[in-house]
Amino acid sequence: MARDTTADFPVELPEREVRPALLRGWKRKCPNCGNGNVFQGYLKVRDHCAACHEPLHHQRADDGPAYLTILIVGHIMAPLMLTVYTEFEPDPVIMASVFSVGCVALSLYLLPRIKGGWIALQWAKRMHGFGGTREID
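Note that the structure is predicted; figures quoted are calculated from it, not measured.

Reading guide: rules and limits
- Along each chain, numbering runs from 1 in the same order as the chain's sequence is written.
- Where totals are concerned, whole chains, interfaces and linings use all residues; where local detail is concerned, this predicted model gives features only for residues with pLDDT of at least 70, and gives and counts side-chain atom pairs only at 80 or more.
- Side-chain figures throughout are based on the complete set of non-hydrogen atoms in the structure, without hydrogens or water.
- To qualify as a helix, a DSSP run of H or I must reach at least 4 residues; to qualify as a strand, a run of E must reach at least 2; elements of each kind are numbered from the N terminus.
- Only protein chains enter the area calculation, which uses a 1.4 Å probe; residues under 20% of their type maximum are buried, those over 50% are exposed, and those in between are partly exposed.
- Every residue pair with non-hydrogen atoms within 4.5 Å of one another is taken to be in contact.
- Here a helix's expected span is defined as the number of its residues, less one, multiplied by 1.5 Å.
- Axis lines are fitted to C-alpha atoms, over the contacting stretch for helices. Their N-to-C directions set the angle, which ranges from 0 to 180 degrees.
- Angles below 35 degrees are treated as roughly parallel, those above 145 as roughly antiparallel, those between 65 and 115 as roughly perpendicular, and all remaining angles as oblique.
- Here is the rule for handedness: rotate from the far helix to the near one, and if that takes an anticlockwise turn smaller than a right angle the crossing is left-handed, while a clockwise turn gives right-handed.
- Think of it as three bins: nonpolar holds Ala, Val, Leu, Ile, Met, Phe, Trp, Tyr, Cys and Pro, charged holds Asp, Glu, Lys and Arg, and polar takes everything else, Gly as well.

Let's talk about the overall build of the protein
Scanning the protein for helices and strands turns up 3 helices and 0 strands. Ordered by position in the sequence, the α and β elements of the protein form the string α-α-α. For the protein, with 137 residues in total, the buried portion stands at 26%. Partitioning the intrachain contacts of the protein with sequence separation of at least 6 by distance along the chain shows that 63% fall at a separation of at least 24.

In structure tokens:
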């Protein structure tokens, strides 16, 4: 079997700037170049950037962006609902309808942007899986 020599001599990779990557991710652009789209559709991550060919297939966001979106939408809408209810006392059906649409719209707006930022953070911190296979004895 072949011996893994990469563990003996760690390679120092240059640091990537987090802030520009996060801003590019918020805009749903490639964290490396900022030109290509990071998503193939609404939330599906591209295999690689069309502009700079940076591999993106190994960036996994899983449920993190969804939890963060729910947290943000809840912290915005709950105090707003309380304020509207105590100040204006609207009909419950109208209030439920308006705030349901508001919650869904805000969630649909925030989710791809938060996921783009999440992927950009992973990219900037090199938090992704190993791209190949290697043998270890």
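Observations concerning helix H2 (residues 64-88)
Taking 1.5 Å per residue as the helical rise, H2 with its 25 residues ought to reach 36 Å, and the 36 Å between its terminal C-alpha atoms agrees with that figure. Three or more residues of H2 are buried, namely Gly64, Pro65, Thr69, Val73 and Met77. Turning to H2, the residues buried within the fold contact helix H3 (92-124). Positioned one or two residues after H2, Glu89 has a phi angle of 45°, which is positive.

Topic: the packing of helix H1 (residues 18-26) against H3
Contact pair H1 / H3: the axes reach a minimum separation of 7 Å and the direction vectors enclose 150°. Classified by the angle their axes make, H1 and H3 are roughly antiparallel. The two elements H1 and H3 meet at a crossing, and its hand is right-handed. Where H1 approaches H3, its residues Val18, Ala21, Leu22, Gly25 and Trp26 are matched on the opposing element by Leu110, Arg113, Ile114, Gly116, Gly117, Ala120, Leu121, Trp123 and Ala124. Partitioned by chemical class, the residues of the contact of H1 with H3 number 10 nonpolar, 3 polar and 1 charged.

Concerning the side chain of Gln59
By the element assignment, Gln59 lies in the loop between H1 and H2. The residues contacting Gln59, other than those within four sequence positions of it, are Ile119, Gln122, Trp123, Met127 and His128.

In short, the description is geometric, and any link to function would need to be established separately.
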